[in-house]
Amino acid sequence: MAAVAAATRWRLLLVLSAAGLRVTGAPQPPNILLLLMDDMGWGDLGVYGEPSRETPNLDRMAVEGMLFPNFYTANPLCSPSRAALLTGRLPIRSGFYTTNGHARNAYTPQEIVGGIPDSELLLPELLKEAGYTSKIVGKWHLGHRPQFHPLKHGFDEWFGSPNCHFGPYDNKARPNIPVYRDREMVGRFYEEFPINLKTGEANLTQIYLQEALDFIKRQQAAHRPFFLYWAIDATHAPVYASRPFLGTSQRGRYGDAVREIDDSVGRILHLLRDLSIAENTFVFFTSDNGAALISAPRQGRGAQGSPGTGTARLAPAEKELQGQNKTMKIHVPSRSWRDRSRKECLSNVTSKGPGGEPGGQTCPEGGSNGPFLCGKQTTFEGGMREPAIAWWPGHIPAGQVSHQLGNIMDLFTTSLSLAGLAPPRDRAIDGLDLLPTVLQGRLTDRPACHARVLPPSSAASLPSTEEEGPIFYYRGNTLMAVTLGQYKAHLWTWTNSWEEFRQGVDFCPGQNVSGVTTHSQEERTKLPLVFHLGRDPGERYPLSIASTEYLDALRWITPVVRQHQEALVPGQPQLNVCNRAVMTRLAVVSTAKHLEAAGAAGPAEPLPRARK
């Protein structure tokens, strides 16, 4: 095995060297472009079965590259998933969780003083060793205090914001979110960078697009390898799009935003071809978590709280995508749905859920998580499984579909491998190197696999440990579920609290599954809910705990969970909410000390204003 691994790595190095040859003959590693969307669901692209088929550029990207139907995020919320991508580690290892409550999601609003610790090694820091110039465009979300600035963690350039485009605020108790160019604040959302909440008009995606295009042109002219992290947030509520795209989608304002993103990705890939660097640029498209079913519909043409997932209850069909790696069957809407008008679609929607519960699914208006249950904030498949496409002309064979279990953390390790670098050895790294998958069509096992003995009756349904490894589903500080092979075991179930639900907040609108989508935190560590995702991707029908299949699956999964939890060393929590009264007092004391020091040193200079 060691000889095979060495030979494989040698061949990969030859490929990379050949891809980086310039006129001078000096080898150069490939450029790396990671396109991270915000709250975009698995079912939002035409290639994944979205009925309106309004993503021609992303669909073409998949046709020219490799599609990953089984690609996951590391957390169902923005900040932790971004920390996972840039560190290659589960968010709980880097402290991107809260201890304010059990299984509570958390991120980095202005009330949070934590952020990415200095002890964490981020991807752009490590890529410097291979001569890369790195830029982040868009949302950082790993802390807004000076010590967490992206330029202090390896990036050479930044245009974007430390947080999401929430607001507007009163600029008294809470200021509007700032926008930065490198270290200088150049404005704020809703001020220098307006967002019209009534119409949804904002020019931010076009600004982010131009930043990306300009950066690529500059690096190509300088013959420098680059890492571009394009992390835009148009599909995060409040959803926005620029004027030319508003009103152009069949899916309301959310669809307008998706269409503009699709157009932007097409322009980026077109530029790479025009500059003759497409064959030396690895591009990967994915999202930070599943679509937010509770927020996006408020701005679409549909009713609040009824975005639907766009598949279940309307005669799903199976679409076979052939790949050298494996033939993958994806459940997508049937042609009969695609051909219906929206009016006909609405008239055919059932009012009952899969178990006869009130609230069937509706036609898509907001984000779509395909056939999967729930969405953002939850560890059901709709919150964790993401669209994913790898593109590298001349290296990734066109039209491939990989059955590889992938994770957003894999982009860290894969990017290092592209640069000819090894991941750090002084810490646990959870990301896999996907290069053998994308270049050779191989399936790579994830860590923490265990040998096991299975009775003959189960041997056919449970894949060997040579082929599969676990995907861990964390929510805050809690391991909620684990997938191993085709089996997913829920150790805890919870959507959101009864208090929120009674106020009309529902993370799984129209998808109530009795005993599964619970509004109280239900511990199931002794007898987990187990689903076979191959037969039941929507997590509607748990296996009977009396069945041989359930017992075999549990016997396989339990030691994996035990080993993981025993070895896990959580980082210091960074996302705990601070007491506002204490924060105000500290701010007053800090201001008083600043004024006292300034008085001793002479007249104070005014604070710099945002550049318009």
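Calculation notes
- Residues numbered from 1 in each chain as written.
- Predicted model: local features only at pLDDT ≥ 70, side-chain atom pairs only at ≥ 80, totals over all residues.
- Heavy atoms only, no water.
- Helix = DSSP H or I, 4+ residues; strand = E, 2+ residues; numbered from the N terminus.
- Contact = heavy atoms within 4.5 Å.
- Areas by Shrake-Rupley, 256 points an atom, 1.4 Å probe, with all protein chains shown as cover.
- Pairing = 2+ DSSP bridges.
- Buried < 20%, exposed > 50% of the residue type's maximum accessible area, 1.4 Å probe, protein only.
- Axes fitted to C-alpha atoms, helices over the stretch in contact; angles between N-to-C directions.
- Parallel < 35°, antiparallel > 145°, perpendicular 65-115°, else oblique.
- Lys, Arg positive; Asp, Glu negative; His and termini not counted.
- Salt bridge = Lys/Arg side-chain N within 4 Å of Asp/Glu carboxyl O.
- Polar contact = N/O pair within 3.5 Å; in protein donor to acceptor, adjacent residues only side chain to side chain.
- Disulfide = S-S within 2.5 Å.
- UniProt positions renumbered as here; feature names shortened; annotations may be inferred.

### Considerations on the overall build of the protein
- A count of helical and extended segments in the protein gives 16 helices and 21 strands.
- For the protein, long-range pairs separated by at least 24 residues make up 71% of all intrachain contacts whose partners lie at least 6 apart in sequence.
- With an accessible surface of roughly 24,500 Å², the protein has 54% of that area assigned to carbon and sulfur atoms.

### Notes on the sheet that holds strand S1 (residues 31-37)
- Judged by pairing direction, the sheet is mixed, and its 10 strands sit side by side in the order S7-S6-S5-S4-S8-S1-S9-S13-S2-S14 without closing on themselves. Each having just a single partner strand, strand S7 (184-188) and strand S14 (400-401) make up the two edges of the open sheet.
- As defined by bridge partners, strand S5 (residues 157-161) adjoins strand S6 (residues 178-181) across 2 bridges and the pair is classed as antiparallel. The partner of Phe159 across the bridge, within S6, is Arg181.

### Details of helix H3 (residues 78-87)
- In terms of residue burial, H3 counts as a mostly covered element, since 10 of its 10 residues are buried.
- Elements in contact with the buried residues of H3: S1, helix H4 (91-94), helix H5 (123-127), strand S4 (133-139), strand S8 (226-231) and helix H11 (410-418).
- With its phi angle positive at about 70 degrees, Gly88 sits one or two positions after the end of H3.

### Quick look at the sheet that holds strand S21 (residues 529-532)
- Read from one edge of the open sheet, 4 strands run S16-S17-S18-S21, paired in antiparallel fashion. Two strands bound the open sheet, and with one partner strand each, they are strand S16 (470-475) and S21. Adjacent strand axes in the sheet meet at a mean angle of 20 degrees, parallel and antiparallel pairs treated alike.
- As judged from the 4 bridges shared by strand S17 (residues 478-484) and strand S18 (residues 487-490), these two strands associate in the antiparallel manner. Bridge assignment links Val482 to a residue of S18, and that residue is Ala489.
- Sheet strands in contact with helix H15 (residues 548-567) are S16, S17, S18 and S21, and its direction is about 130 degrees off that of S17.

### Observations concerning the packing of helix H2 (residues 56-64) against helix H7 (residues 252-274)
- Between H2 and H7, the shortest axis-to-axis distance is 7 Å and the interhelical angle comes to 50 degrees. Put simply, H2 runs oblique to H7. On H7, the residues touching Pro56, Asn57, Leu58, Met61 and Glu64 of H2 are Asp262, Asp263, Val265, Gly266, Leu269 and Arg273.

### Brief notes about the side chain of Asp59
- Here Asp59 shows up in helix H2.
- The buried charged residue Asp59 lacks any salt bridge, with Arg53 as its nearest oppositely charged partner at 6.5 Å.
- Polar contacts involving the side chain of Asp59 include one to the main-chain amide nitrogen of Val47, which spans 2.9 Å.
- Excluding anything up to four places from it in sequence, Asp59 contacts Leu45, Gly46 and Val47.

### Quick look at the state of the cysteines
- Within this structure, the stated rule accounts for 1 disulfide.
- The disulfide bridge from Cys374 ends at Cys508, spanning 1.9 Å between sulfur atoms. Because the sign of the S-S torsion sets the handedness, a value of about 110 degrees for the bond joining Cys374 and Cys508 places this disulfide among the right-handed ones. Of this pair, Cys374 sits in the loop between helix H9 (342-347) and helix H10 (381-384) while Cys508 sits in the loop between helix H14 (498-502) and strand S20 (522-523), placing them 134 residues apart in sequence. In this pair, the class of Cys374 matches that of Cys508, namely buried.

### Considering the UniProt feature "binding site: Ca(2+)" (unreviewed entry) in the protein
- Residues annotated by UniProt as "binding site: Ca(2+)" (unreviewed entry) correspond here to Asp38, Asp39, Cys78, Asp288 and Asn289. These residues run over 252 residues, yet every pair of their C-alpha atoms falls within 8.0 Å of each other.
- Mapped onto the elements of the fold, Asp38 is located in the loop between S1 and H2.
- According to the relative accessible area criterion, Asp38 is buried, its value standing at 0%.
- With residues up to four places along the chain from it excluded, the contact list for Asp38 reads Cys78, Arg82, Lys139, Ile232, Asp233, Thr235, His236, Ser287 and Asp288.
- Mapped onto the fold, Cys78 is located in helix H3.
- Once residues within four sequence positions are removed from consideration, Cys78 is found in contact with Asp38, Asp39, Lys139, His141, His236, Asp288, Asn289 and Lys376.

### Regarding the pattern of salt bridges
- What the rule picks out here adds up to 23 salt bridges.
- One salt bridge in this structure joins Asp38 and Lys139, with 2.6 Å as the shortest N-O distance. On the criterion of sequence distance, the pair formed by Asp38 in the loop between S1 and H2 and Lys139 in strand S4 is long-range, its members being 101 residues apart.

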